[in-house]
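For reference, the chains in residue letters:
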6 protein chains.
Amino acid sequence: MGAELQAYEITHAPYYLPVGNEIQLYEAAYARRLPVLLKGPTGCGKTRFIEFMAHRLGVPLITLACNEDMTTSDLVGRFLLDESGTVWHDGPLTEAVRYGGICYLDEVVEARQDTTVIIHPLTDSRRILPLDKKGEQLIAHPDFQLVMSYNPGYQSHSKDMKPSTRQRFVALEFNYPRADAEALIVATEASTDLQLCRRLVDIAERSRALKSHGLGEGASTRALIYAAQLIEDGVTPLESCEMALIHPLSDDPDMIAALRAVVHAHF
Amino acid sequence: MGAELQAYEITHAPYYLPVGNEIQLYEAAYARRLPVLLKGPTGCGKTRFIEFMAHRLGVPLITLACNEDMTTSDLVGRFLLDESGTVWHDGPLTEAVRYGGICYLDEVVEARQDTTVIIHPLTDSRRILPLDKKGEQLIAHPDFQLVMSYNPGYQSHSKDMKPSTRQRFVALEFNYPRADAEALIVATEASTDLQLCRRLVDIAERSRALKSHGLGEGASTRALIYAAQLIEDGVTPLESCEMALIHPLSDDPDMIAALRAVVHAHF
Amino acid sequence: MGAELQAYEITHAPYYLPVGNEIQLYEAAYARRLPVLLKGPTGCGKTRFIEFMAHRLGVPLITLACNEDMTTSDLVGRFLLDESGTVWHDGPLTEAVRYGGICYLDEVVEARQDTTVIIHPLTDSRRILPLDKKGEQLIAHPDFQLVMSYNPGYQSHSKDMKPSTRQRFVALEFNYPRADAEALIVATEASTDLQLCRRLVDIAERSRALKSHGLGEGASTRALIYAAQLIEDGVTPLESCEMALIHPLSDDPDMIAALRAVVHAHF
Amino acid sequence: MGAELQAYEITHAPYYLPVGNEIQLYEAAYARRLPVLLKGPTGCGKTRFIEFMAHRLGVPLITLACNEDMTTSDLVGRFLLDESGTVWHDGPLTEAVRYGGICYLDEVVEARQDTTVIIHPLTDSRRILPLDKKGEQLIAHPDFQLVMSYNPGYQSHSKDMKPSTRQRFVALEFNYPRADAEALIVATEASTDLQLCRRLVDIAERSRALKSHGLGEGASTRALIYAAQLIEDGVTPLESCEMALIHPLSDDPDMIAALRAVVHAHF
Amino acid sequence: MGAELQAYEITHAPYYLPVGNEIQLYEAAYARRLPVLLKGPTGCGKTRFIEFMAHRLGVPLITLACNEDMTTSDLVGRFLLDESGTVWHDGPLTEAVRYGGICYLDEVVEARQDTTVIIHPLTDSRRILPLDKKGEQLIAHPDFQLVMSYNPGYQSHSKDMKPSTRQRFVALEFNYPRADAEALIVATEASTDLQLCRRLVDIAERSRALKSHGLGEGASTRALIYAAQLIEDGVTPLESCEMALIHPLSDDPDMIAALRAVVHAHF
Amino acid sequence: MGAELQAYEITHAPYYLPVGNEIQLYEAAYARRLPVLLKGPTGCGKTRFIEFMAHRLGVPLITLACNEDMTTSDLVGRFLLDESGTVWHDGPLTEAVRYGGICYLDEVVEARQDTTVIIHPLTDSRRILPLDKKGEQLIAHPDFQLVMSYNPGYQSHSKDMKPSTRQRFVALEFNYPRADAEALIVATEASTDLQLCRRLVDIAERSRALKSHGLGEGASTRALIYAAQLIEDGVTPLESCEMALIHPLSDDPDMIAALRAVVHAHF
């Protein structure tokens, strides 16, 4: 790894419990430098997985939290004013392309469809990034790989990725871990009792079942860790669940009552 | 507390009357530096509470009144022109992340959904703020915490927070205090008679009951303090209520007449 | 009053005929520096009233005609380029906050809802203006007061003020003066015959009654003064009313005919 | 008239044939410096009238063709970069306010509603123009007058002027001149035969009658002058009418046939 | 012709076959410097005609391909930064107005309605161009003429020209040439056999007849020239028609089949 | 080829298997420098074809991935700030026009309709590019050719190209290769077994048949190469197809099940 992207190195191995053979599948995709799409619900571990893989493969990880304000210039670079006039500054995507590393576009459906079109020449056999404003055609470093994540649960058609963009990727599907694995993850992350975490996971699974009954999304693994941490610190289980598993999920009085009934059945 | 954020220190203890054990719950969340969401109606004391907690915990408080104009640059920072060219200036969020402190996004639903996506890497275990434009990955100061407030009563779907953002927070729900506590707060803030304040609180509760009959929102605790202050200064109770509890709530002639009837029944 | 806002001093007492005890109510609100909302129809005297009060209280008056282009920077200030780089320039709101004075946001519903959110920290007990771009938290001068006006007759929901903004104000309701007072105001302003002005006021009241029959708004006191001035200068009453009371109110042939019939019945 | 606006002086008397006592009415409004609104259809002589009046009164005339791109800065002025930093440059409205003259906003409904709000403080008794960006309150020169024109025939509600803006003006209604006057104007402007012009005016009046049958607008006086000039130069009357009175009015084959039938009945 | 616009001189006579007396009509309009509107379908020769006329009249031709991004500044000019600060640069319309020449706005309906309003003062008897940003009123050079083209076949109401703009022009209507003339044009432009071109013209006429059956537009004269050139270069007639007369017209399988049937009936 | 565009030279012959006589047809169009439109579905080889042709013809290839942010300036050039003020920098289209080469607008329907209007003067007999901002009329280099690609399968009317733009091009239609040719391409690109590739192609053809049953687009040739590469590297065929042929195509559970059934029938 060159010195240029040292700040983006993952220096400590992140904790990650595999749920299948996703590690091997990702390694096969990386070996060919195929662009990878991580699909899955909020807080199920997509970001942790890519950090884990970047550390395992020993490559820097440049993360971009996508948003609708993000312009091509934010990805690719821009001219800035210097003592001697305008000088080109590489954007984070360009840095990853130039010096090698994984460029991770988090929540890519938040970006505007047309912004993501600029990655097309990077995701076919050419592996080039045209810097139109600078008049440079950058050929990707051999270690460069493009990874994007998104949550297919939001069914907003206006924000769907274009088929011509999606088809440039191979996709790995993520989901919440199985109950015992999820309880182990929560117990490990919150350094708390496994038995308690099993009860929390059971609550989460019931909230996820409410998704087809009007709840935007069920409780995430991350929210379970929050609840377990609060309980570990002496907050009562009921109050911890109110804070971490009920009010972050909904403002609707009926839905709050339903979630509260689930919690009360467990504590 | 370092010198950098001294201007944001709360030097005098704000008056705050707890309505439950919200102080302990907040302290538990702060101990883990969990991001906190304060939910509750207009003028019920959310902002006062966070000032109270910042003073109690001895950390600076950086408040951002969210609006739809607010860009990522307003939060994170921007390049400004100097004698020697463009120089980076940290935004308020970056300052809180760099030097430690509570960053409080007030009325966060006013911000554009995609702008708030930039806080994602700050609200999971990474606790990093990618400064894309500057090419820096800022690791959060141990004292940094993110807090956001919003009013769930506005049912505008286009402005709802995304589940993937909400789930990164633990939430505390606020409401107007119970009648006796609210009267005590109003009497203390306006330095006036408790008996009078009980009558004002009773008017407020009736206006809040009108919310399901077409009133946008009932009278806030803050509006009650305004009314009490005007009465204390010699304005008649009827005129004070007209100014503070009727006309700020509605322009609709029927609703004004209904509110006026409530006031006349009390004075 | 400091030298900084001398240009905003009202040096001559404006003519203002009170219609109730609005002067005393305003003085009570000013004594507590409560934010004030002036509600009322076009041209009924809201702006004249606030000029009158600023003169009476001896404080400078900074007026901002709100529009949808108005950004936070227009209110708060911006960096401008100087010989030595970018230099901060206070906006008019910041000037009023810093040096003390009444900041009057005229036709505030024209401003974008989210722009007005920046006044929230100024309108609660904190009385601070966060200058995010500059990294300064400005504490309001003891003489600073915020006043806004709007016309509740426009029923455009998209432009209504948010309850969480409105409730931060005490409100004074204005309307056209009673007939005899209005005739006196018109006669005084146009230096003309009171009897003539009574007839003009009678025409205005009939046009205001047409408001619920499709007319956007009835004739304002200001329009009556225009008509009286033209008559005083020798234009015939019929032509003066055509110019000042008919064509400015409507382009619709039926409505013009109705208004013309009203005028012909009086002259 | 000062030297500053010499470029805006109308040095030669424009040809203008009065259709009523509009000259006297305008002079009365100007004497009081009342803001004036000129209402009337396309090409009926509004612009010519205001040029005529500016010459008659001996004041400069600053014309602004309104459009939706027009920002407050285009009217009021802006900071420009100079050798020594940013320097303020007055916009055309500010120049008229500062040095005295008629500022004429042509086709004002093209401007955005909120842009026109900035003229409010200029159009009541204050007669001030707040230059917010510069921090100056400009008091209008005694010779300053504001005039706006628009075509009430376009019934687009989204572009209607706000009542609170309209009521700040006195209005003069224009229409096409009576047939004999219009023929005289066309003959004078095109230096051609009056008898021919009578026939052209008759065609125009029939096209104006088609307006309620789907034609956007009937032929204007200006279009008649074009047709008369072409005929005077040897183009056949039929071809001249095709070019000036038919194809500029419509692309619809049925409407073109109807207009052509009218022309053929006259030549 | 002055030196300033030499780059815009048409040095060689373009090939143009008149279809009627459009040359004489245009010359009459130019003699009076009347603004001219060229109406007609895609690729029928409007642009070629105006080049032909500019060469014939010996005046420079400044062409502007209109688009919705085109701002007033793109037409009129802007301030650019120079060693000594901001310096004004004339836009192409301003150059034509200042030094004399035909300014040709191609596909004017692509421009935003309000942008075209700035040409109003140029298209009445004043013939001035107000450079608001520069504070200059430019009087048009005696050789200046404004010409615009558009295709009335696109029935998008949102893009129709405003009547008040259209009526400032005299209009010439263009259409595809008669069959024998069109075959002669195609044969001349492609240096190929007239008999072949007759067959191509016949195909084009049939495709134009499909316009009322769902085809956006029939084959243009330009497309016929393409087809003739490909055949002349040895591509088979069927393949040439596929490339030039079928696939550029439609993506719809049924329409492609219909067009293919027409071609197969001819070759 | 001049030195200016050396970076855009295709130095190695790309692998391309012709599916018809598209090479000869393209050469005929290039001989006349006719603008060419490549129509066809995602990942069927359009980009590879144009690289192949640029190499074969020995001309540089400047690729522009179109997006809705792309402005005229991104294509044509802009003024940048230098030590001595603003200096013009050619955009990529201008470079191709000035020095000669193929300018390839990839996914042109992503660009805004009005942006593409600027290519009109380049695509008729004039072959000029007006650089309005610079005041230059650039005559195209003899080697310049314009090529655009798009996918007609997206039926979004708002993004269709305008007939007046399309008709300026000759069009070549692309589709997925015939089964045996496609299998050969996949086997060659992935250096793997032809028999395996036949099975993958068969899966792809069945997924393409699902397009009329709700699938956005069937599997592309590129996706087949991905799957073949993963299998070649030891990933199981089922997992490889999940990653490359199922999850990139759809998030819909029913569609995923249908695609999975197709895969299971083959492996």
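None of the values given here were measured: they were computed from a predicted structure. (Residues numbered from 1 in each chain as written. Chains lettered and ligands numbered in written order. Predicted model: local features only at pLDDT ≥ 70, side-chain atom pairs only at ≥ 80, totals over all residues. Heavy atoms only, no water.)

1. Here's the deal with the overall build of chain A
Next up, step 1: Scanning chain A for helices and strands turns up 11 helices and 9 strands.
Next up, step 2: Seen along its three principal axes, the alpha-carbon backbone of chain A occupies a region of about 65 × 40 × 35 Å.
Next up, step 3: When burial is assessed residue by residue, chain A has 61% of its 267 residues classed as buried.
Next up, step 4: Intrachain contacts of chain A at a sequence separation of at least 6 include 73% that bridge at least 24 residues.
Next up, step 5: Counting 25 positive and 36 negative side-chain charges, chain A places the centres of these two groups 7 Å from one another. (Helix = DSSP H or I, 4+ residues; strand = E, 2+ residues; numbered from the N terminus. Buried < 20%, exposed > 50% of the residue type's maximum accessible area, 1.4 Å probe, protein only. Contact = heavy atoms within 4.5 Å. Lys, Arg positive; Asp, Glu negative; His and termini not counted. Charge placed at Lys NZ, Arg CZ, Asp CG, Glu CD.)

2. Let's talk about the relation of the copies chain F and chain A
Next up, step 1: Least-squares fitting of chain F to chain A yields an RMSD of 0.0 Å, with the superposition described by an axial translation of 0.0 Å and a rotation of 60°. Given the turn and translation reported, the copies of this chain are related as if by a six-fold rotation axis. (Least-squares fit on C-alpha atoms with pLDDT ≥ 70 in both.)

3. A closer look at the sheet that holds strand β5 (residues 102–106) of chain D
Residue and element names in this part refer to chain D.
Next up, step 1: Strands sit in the order β2-β5-β8-β1-β9 across an open sheet of 5 strands; the sheet is parallel. A single partner strand is all that each edge strand has here, and the edge strands are β2 (61–65) and β9 (170–173). Between one strand axis and the next, the sheet turns through 20° on average, direction left out of account.
Next up, step 2: Here 5 bridges tie β2 to β5, and the two strands are oriented parallel to one another. Counted as the bridge partner of Leu64 is Leu105 from β5.
Next up, step 3: Contacts from helix α4 (residues 92–99) reach β2, β5 and β8 (145–150) within the one sheet, and its direction differs from that of β2 by about 160°. (Pairing = 2+ DSSP bridges. Axes fitted to C-alpha atoms, helices over the stretch in contact; angles between N-to-C directions.)

4. Observations regarding the interface of chain E and chain D
Next up, step 1: Counting from both sides, the interface comprises 45 residues of chain E and, opposite them, 48 residues of chain D.
Next up, step 2: Here chain E and chain D share an interface that buries about 4000 Å² over both sides, 51% of which is from carbon and sulfur atoms.
Next up, step 3: Per-residue buried area on chain E facing chain D is highest for E:Arg32, E:Arg126 and E:Gln167; these three make up 18% of the total on that side.
Next up, step 4: Taken together, chain E and chain D are joined by 3 salt bridges.
Next up, step 5: Among the salt bridges present, the one from E:Arg166 reaches D:Asp251, with a minimum N-O distance of 3.1 Å.
Next up, step 6: Our count for the chain E to chain D interface comes out at 16 residue pairs in polar contact (both at pLDDT 80 or more).
Next up, step 7: Put simply, the parts of the chain that give the side of chain E that touches chain D at least two residues each are α1 (22–31), β3 (77–82), β4 (85–90), α5 (113–116), β7 (136–139), α6 (163–166) and β9 (170–173) of chain E.
Next up, step 8: Here the side of chain E that touches chain D is built from residues that sort into 18 nonpolar, 14 polar and 13 charged. (Buried area = accessible area lost by both parts, 1.4 Å probe. Salt bridge = Lys/Arg side-chain N within 4 Å of Asp/Glu carboxyl O. Polar contact = N/O pair within 3.5 Å; in protein donor to acceptor, adjacent residues only side chain to side chain. Nonpolar A, V, L, I, M, F, W, Y, C, P; charged D, E, K, R; others polar.)

5. Description of the pairing of strand β7 (residues 136–139) of chain F
Residue and element names in this part refer to chain F.
Next up, step 1: Taken together, the 4 bridges between strand β6 (residues 128–131) and β7 define a ladder with antiparallel strand orientation. Looking across to β7, one finds that Leu129 is bridged to Leu138.
Next up, step 2: The antiparallel hairpin formed by β6 and β7 contains 4 residues in its connecting segment, where Gly135 sits at a positive phi of about 75°.

6. Things to note about the relation of the copies chain E and chain D
Next up, step 1: With an axial shift of 0.0 Å and an RMSD of 0.0 Å, the rotation relating chain E to chain D amounts to 60°.
Next up, step 2: With a heterologous cut-off of 20% or less, the 2% of interface residues of chain E that recur at the interface of chain D puts this contact in the heterologous class.

7. Brief notes about the interface of chain F and chain A
Next up, step 1: Across the contact, 49 residues belong to chain F and 45 residues belong to chain A.
Next up, step 2: Summed over both partners, the interface of chain F with chain A comes to about 3900 Å²; 51% of that surface belongs to carbon and sulfur atoms.
Next up, step 3: Of all residues in chain F, F:Tyr226, F:Met243 and F:Asp251 give up the largest surface area on contact with chain A, accounting jointly for 16% of the area buried on that side.
Next up, step 4: Our count for the contact surface shared by chain F and chain A stands at 3 salt bridges.
Next up, step 5: Applying the counting criterion to the chain F and chain A interface returns 16 residue pairs in polar contact (both at pLDDT 80 or more).
Next up, step 6: Put simply, the parts of the chain that give the side of chain F that touches chain A at least two residues each are α2 (46–57), β2 (61–65), β3 (77–82), α9 (221–232) and α10 (237–246) of chain F.

8. Section: helix α8 (residues 194–209) of chain E
Residue and element names in this part refer to chain E.
Next up, step 1: Between its terminal C-alpha atoms α8 stretches 23 Å, which fits the 22 Å expected from 16 residues at 1.5 Å a residue.
Next up, step 2: Here α8 has its buried residues at Leu196, Cys197, Leu200, Val201, Ile203, Ala204, Ser207 and Arg208. Looking down the long axis of α8, one finds its buried residues gathered within 160° of arc, a one-sided arrangement. (Expected span 1.5 Å × (residues − 1). Arc of directions from axis to C-beta.)

9. Observations concerning the side chain of E:Arg222
Next up, step 1: Structurally, E:Arg222 is set in helix α9 (residues 221–232).
Next up, step 2: The side chain of E:Arg222 is buried and forms no salt bridge, while F:Asp124, the nearest opposite charge, is found at 4.3 Å.

10. Details of the domain arrangement of chain A
Residue and element names in this part refer to chain A.
Next up, step 1: The domain boundaries assigned to chain A delineate domain 1 (4–173) and domain 2 (179–266).
Next up, step 2: Put simply, the middle of domain 1 and the middle of domain 2, counted by C-alpha atoms, are 32 Å apart.
Next up, step 3: In this complex, domain 1 contributes 10 residues to the contact, which on the side of domain 2 involves 10 residues.
Next up, step 4: Between domain 1 and domain 2, a total of about 780 Å² is buried, with carbon and sulfur atoms accounting for 53% of that surface.
Next up, step 5: Among the residues of domain 1 in contact with domain 2, Tyr15, Leu17 and Gly43 are the three that bury the most area, contributing 59% of the side total. (Domains from an automatic or database assignment.)

11. Re the pairing of β8(D)
Residue and element names in this part refer to chain D.
Next up, step 1: Within β8, 6 of the 6 residues are buried, leaving the element largely enclosed by the surrounding structure.
Next up, step 2: Burial along β8 is two-sided: the residues Gln145, Val147 and Ser149 and Leu146, Met148 and Tyr150 are all buried.
Next up, step 3: Across 4 bridges, the pairing between β5 and β8 is parallel. In the strand pairing of β8, Leu105 is matched with Met148.

12. Concerning the packing of helix α7 (residues 179–190) of chain B against helix α9 (residues 221–232) of chain B
All names here are of chain B.
Next up, step 1: Packing of α7 against α9 brings their axes to within 9 Å, and their N-to-C directions diverge by 50°. Between α7 and α9, the angle falls in the class oblique. In this structure, α7 crosses over α9, and the sense of that crossing is right-handed. Between α7, through Glu182, Ile185, Val186, Glu189 and Ala190, and α9, the contact on the second element is made entirely by Thr221, Leu224, Ile225, Ala228, Gln229 and Glu232.
Next up, step 2: Taken together, the residues that form the contact of α7 with α9 break down as 6 nonpolar, 2 polar and 3 charged. (Parallel < 35°, antiparallel > 145°, perpendicular 65-115°, else oblique. Left-handed = near helix turned anticlockwise from the far one by under 90°.)

13. Notes on the arrangement of the chains
Next up, step 1: With respect to C-alpha atoms, chain A approaches chain E no nearer than 11 Å, and the pair has no contact.
Next up, step 2: The least C-alpha distance between chain C and chain E, which are not in contact, is 11 Å.

14. Topic: unusual backbone geometry
Glycine aside, residues mostly have negative phi angles, and peptide bonds mostly take the trans form.
Next up, step 1: Backbone geometry places A:Ser191, a non-glycine residue, at a positive phi of 50°.
Next up, step 2: Its location among the elements puts A:Ser191 in the loop between α7 (179–190) and α8 (194–209).

15. Things to note about the packing of aromatic side chains
Next up, step 1: Taken as a whole and judged by the stated rule, the model has 24 aromatic pairs over all chains.
Next up, step 2: With 5.8 Å between their ring centres and 85° between their planes, A:Tyr26 and A:Phe49 make a pair best called edge-to-face. A residue pair is termed long-range when its members are at least 10 positions apart, and A:Tyr26 in helix α1 (residues 22–31) and A:Phe49 in helix α2 (residues 46–57) qualify at 23 residues. Across the pair, A:Phe49 and A:Tyr26 agree in class, each one buried.
Next up, step 3: Ring centres of F:Phe49 and F:Phe174 lie 5.0 Å apart, and the angle between their planes is 55°; this geometry places the pair in the tilted category. Of this pair, F:Phe49 sits in helix α2 while F:Phe174 sits in the loop between β9 (170–173) and α7 (179–190), and the two are 125 residues apart along the sequence. Accessibility assignment for this pair places F:Phe49 and F:Phe174 in one class, buried.
Next up, step 4: Joined through ring pairs, the aromatic side chains of A:Tyr16, A:Tyr26, A:Phe49, A:Phe52 and A:Phe174 make up one cluster.
Next up, step 5: Lying over the aromatic face of C:Tyr176, C:Arg208 brings its terminal NZ or CZ to 3.5 Å of the ring centre. (Phe/Tyr/Trp six-rings, centres within 6.5 Å; stacked < 30°, edge-to-face > 60°. Lys NZ or Arg CZ within 6 Å of the ring centre and 35° of its normal.)

16. Thoughts on the sheet that holds β2(F)
Residue and element names in this part refer to chain F.
Next up, step 1: The parallel open sheet is built from 5 strands, whose spatial order is β2-β5-β8-β1-β9. Each having just a single partner strand, β2 and β9 make up the two edges of the open sheet. Across the sheet, the mean angle from the axis of one strand to that of its neighbour is 20°, orientation sign disregarded.
Next up, step 2: Of the strands in this sheet, β2, β5 (102–106) and β8 (145–150) are in contact with helix α4 (residues 92–99), which crosses β2 at around 160°.

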